[in-house]
Amino acid sequence: PTTMGDLKTIFEFELFGTGVDSGQTTFRLRHAWGELGAFGAGQYWSPFTDPDAFPNSLEYWGPTGLAWYRNVQVRWTPISDDNNSLMIALERPGASGDQGVYADRIELQGIKARFPLPDFSAAYKYSEKWGYVRIAAQLRKIKWNDTLNDNLDLSGDATGWGFNFSSNLNAGRNDVIR
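The rules we used
- Here the residue numbers are simple positions, counted from 1 along each chain's written sequence.
- Totals for whole chains, interfaces and linings use every residue, but because this is a predicted model, local features are given only for residues with pLDDT of at least 70 and side-chain atom pairs only at 80 or more, for both listing and counting.
- Hydrogens and water are ignored here; the side-chain numbers use all heavy atoms of the structure.
- Where helices and strands are cited, they refer to DSSP runs of H or I of at least four residues and of E of at least two residues respectively, numbered from the N terminus.
- This radius of gyration counts C-alpha atoms alone. The globule rule is 2.2 Å times how many residues there are, raised to the power 0.38.
- The rule is simple: take the accessible area with a 1.4 Å probe, protein chains only, and divide by the maximum for that residue type; under 20% is buried, over 50% is exposed, in between is partly exposed.
- Should any heavy atoms of two residues lie within 4.5 Å, those residues are considered in contact.
- The working definition used for a salt bridge is a side-chain nitrogen of Lys or Arg within 4 Å of a carboxyl oxygen of Asp or Glu.
- Centres within 6.5 Å make a pair out of two Phe, Tyr or Trp rings, where for Trp the six-membered ring is used; the pair is then stacked when the planes are under 30 degrees apart, edge-to-face when over 60, and tilted otherwise.
- Strand pairing is assigned whenever DSSP identifies at least 2 bridges connecting the two strands.
- The definition of a nonpolar core used throughout is a set of buried Ala, Val, Leu, Ile, Met, Phe, Trp, Tyr and Cys residues joined through side-chain atoms within 4.5 Å.

Summing up its helical and strand segments, the protein chain has zero helices and 10 strands in all. The linear arrangement of helices and strands in the protein chain, starting from the amino end, is β-β-β-β-β-β-β-β-β-β. Relative to the compact-globule value of 16 Å for 178 residues, the protein chain shows a C-alpha radius of gyration of 20 Å, a clear excess of over 25%. On the principal axes, the C-alpha backbone points of the protein chain span a range of 65 × 40 × 30 Å. By residue count, 25% of the 178 residues in the protein chain fall in the buried class. Taking the intrachain contacts of the protein chain between residues at least 6 apart in sequence as the baseline, contacts between residues at least 24 apart amount to 54%.

The structure is reproduced here in structure tokens:
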């Protein structure tokens, strides 16, 4: 406890190699996070992710389609009590999906992607004894520049967005529906 609120920190890593390090015991940072009162910064679960919705599964990466990622962010949590929470964050822009190899794609030569603004994300969670419901949203600006000096300009931009609805429903003393 401090005069400005509770100070919380997390440092977590694993030795589970992924990508080019697959099968090796390579250091991989999971969380490096600090919170003081309603403000937090570092690498932690994105507000778009609901860690409590991850089901019991033998699959390491979880089920297909689950929004599941950590990101570098600055977060403000203006509401955090027993029944409600609201968090708003500015996150490191970009994508974490497997982009493959672009070197062989002739139509993409000279195209440079850029993310001019941080990603904006927010989540609201309402909890009761029966469980909770949660909605999250994400918004981002994506631009790409055609750097080739030819007659065809492939430059452009797009706004990316998404919503994530999740819930846990208590189905008795020992069971939870996620």
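In this section: the pattern of salt bridges. According to the stated counting rule, one finds six salt bridges in the structure shown. Put simply, Glu14 and Arg28 hold a salt bridge, and the shortest N to O gap is 2.3 Å. Taken together, the residues Glu14 in strand E1 (residues 7-14) and Arg28 in strand E2 (residues 28-36) connect sequence positions 14 residues apart. Salt bridges here are not isolated pairs; linked through shared partners, they connect Glu12, Glu14, Arg28 and Arg30.

Applying the stated criterion across every chain, the model contains seven aromatic pairs. Taken together, a centroid distance of 4.5 Å and an interplanar angle of 45° make the contact between Trp45 and Trp68 tilted. In this pair, Trp45 is assigned in strand E3 (residues 39-45) and Trp68 in the loop between E3 and strand E4 (70-80), connecting sequence segments 23 residues apart. Note on Trp45: relative accessible area 10%, which makes it buried.

Where E1 meets E2, eight bridges bridge the pair, whose relative direction is antiparallel. If you follow Lys8 over to E2, its bridge partner there is Glu35.

In this fold, Ile88 is placed in strand E5 (residues 84-91). Apart from the residues lying within four places of it in its own chain, the contact partners of Ile88 are Val74, Arg75, Trp76, Phe120, Ser121 and Ala122.

Within the secondary structure layout, Asn168 lies in strand E9 (residues 156-170). Taking the relative accessible area as the measure of exposure, Asn168 reaches 9% and is therefore buried. For the pair Asn168 and Arg70, spaced 98 residues apart in sequence, the C-alpha separation works out to 21 Å. With residues up to four places along the chain from it excluded, the contact list for Asn168 reads Asp52, Ala53, Trp130, Gly131, Tyr132, Val176, Ile177 and Arg178.

Counting five residues, the largest nonpolar core consists of Phe48, Ala67, Met87, Ala123 and Ala136. Beyond its immediate chain neighbours, meaning those up to four positions away, Met87 contacts Pro47, Arg75, Trp76, Thr77, Ser121, Ala122, Ala123 and Arg134.

Limitation: the analysis is restricted to geometry and does not speak to function.
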